[in-house]
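Chain and residue survey
The residues making up each chain are set out below.
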Amino acid sequence: PYQWRSSQTGVATIDATSGLLTAKSPGATTITVTDSTGLTANASVSVVSSGGGGTSPNLTLLPSGLKIVKVGATLQFSVTGGTAPYTWGTANSALGSVDATGLFLGIAPGITTVNVRDANGNTAVSANIIVSLQ
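Here we summarise the structure given alongside this text. Quantities reported herein were computed from a predicted structural model and do not represent experimental measurements.

With that settled, the discussion passes to the pairing of strand β16 (residues 129-132). Residues of β16 alternate between two faces, with Ile129 and Val131 on one and Ile130 and Ser132 on the opposite face, all of them buried. Judged from the 4 bridges that link them, strand β7 (residues 67-70) and β16 form a sheet pairing that is parallel. Bridged to Lys67 within β16 is Ile129. Where strand β13 (residues 110-112) meets β16, 3 bridges bridge the pair, whose relative direction is antiparallel. Bridge assignment links Ile111 to a residue of β16, and that residue is Ile130.

Structural data, given as structure tokens:
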């Protein structure tokens, strides 16, 4: 089991056991995950205002929940709702990349997320993805 912590809970909170991140206000925070052996990993997270769009309850990114992907492995994401075309991205491109079809590739160990933006500027963000060596 993993334990999760946010250094700035006014910016983002994170469920201590599931790793589900909730943005609260613009700013920066550090997310720390600790495994059962005491090993930790940190990831910087920036919460920004979405400008013209926002987080849309009609835009859903699947699969949901915490995912673990090995370096060199892939995980397919899909989106429902919103308005095409969609633009895909990751919170940390040094840890993983995502192509135009939503296929995530683990690049280096760490914690990141996948995000998708629709043509109207609405966004959806995945739960945390742990990229691991094992």
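By volume, the second largest pocket amounts to about 370 Å³. Breaking the lining of the second largest pocket down by element, the ones donating at least two residues are β4 (27-34), β5 (40-47), β13 and β16. With 3 residues, β16 is the largest single contributor of residues to the lining of the second largest pocket. Grouping the constituent residues of the lining of the second largest pocket by class yields 10 nonpolar, 5 polar and 1 charged.

All right, on to the pairing of β5 then. It is a general feature of regular strands that their side chains alternate between the two faces of the sheet. Pairing of β4 with β5 involves 8 bridges; the strand directions are antiparallel. The partner of Thr34 across the bridge, within β5, is Thr40. Linking two consecutive strands that pair antiparallel, namely β4 and β5, is a turn of 5 residues; a positive phi of about 95 degrees is found at Gly38 within it.

To continue, consider unusual backbone geometry. The omega angle of the peptide bond from Leu62 to Pro63 is 5 degrees, so this bond is cis rather than trans. Relative to the helices and strands, Pro63 resides in the loop between β6 (60-62) and β7. A cis amide bond links Ala84 to the next residue, Pro85, at an omega of 5 degrees.

Across the sheet, which stays open at both edges, the 3 strands sit in the order β10-β14-β15 with antiparallel pairing between neighbours. Only two strands of the sheet have a single partner each, and these edge strands are β10 (87-90) and β15 (123-125). Each adjacent strand pair in this sheet contributes to an overall mean axis angle of 20 degrees, direction not counted. The pairing of β10 with strand β14 (residues 114-117) spans 4 bridges and is classified as antiparallel. In the strand pairing of β14, Trp88 is matched with Val116.

So, how was this worked out
Residues numbered from 1 in each chain as written. Predicted model: local features only at pLDDT ≥ 70, side-chain atom pairs only at ≥ 80, totals over all residues. Heavy atoms only, no water. Buried < 20%, exposed > 50% of the residue type's maximum accessible area, 1.4 Å probe, protein only. Helix = DSSP H or I, 4+ residues; strand = E, 2+ residues; numbered from the N terminus. Pairing = 2+ DSSP bridges. 1 Å grid on protein atoms, 1.4 Å probe; cavity = no way out; pocket = protein on both sides within 12 Å on 5 of 7 lines; lining within 4 Å. Points joined across faces, edges and corners; volume = space filled by probe spheres on them. Nonpolar A, V, L, I, M, F, W, Y, C, P; charged D, E, K, R; others polar. Axes fitted to C-alpha atoms, helices over the stretch in contact; angles between N-to-C directions.

In short, shape yes, function no, at least from these values alone.
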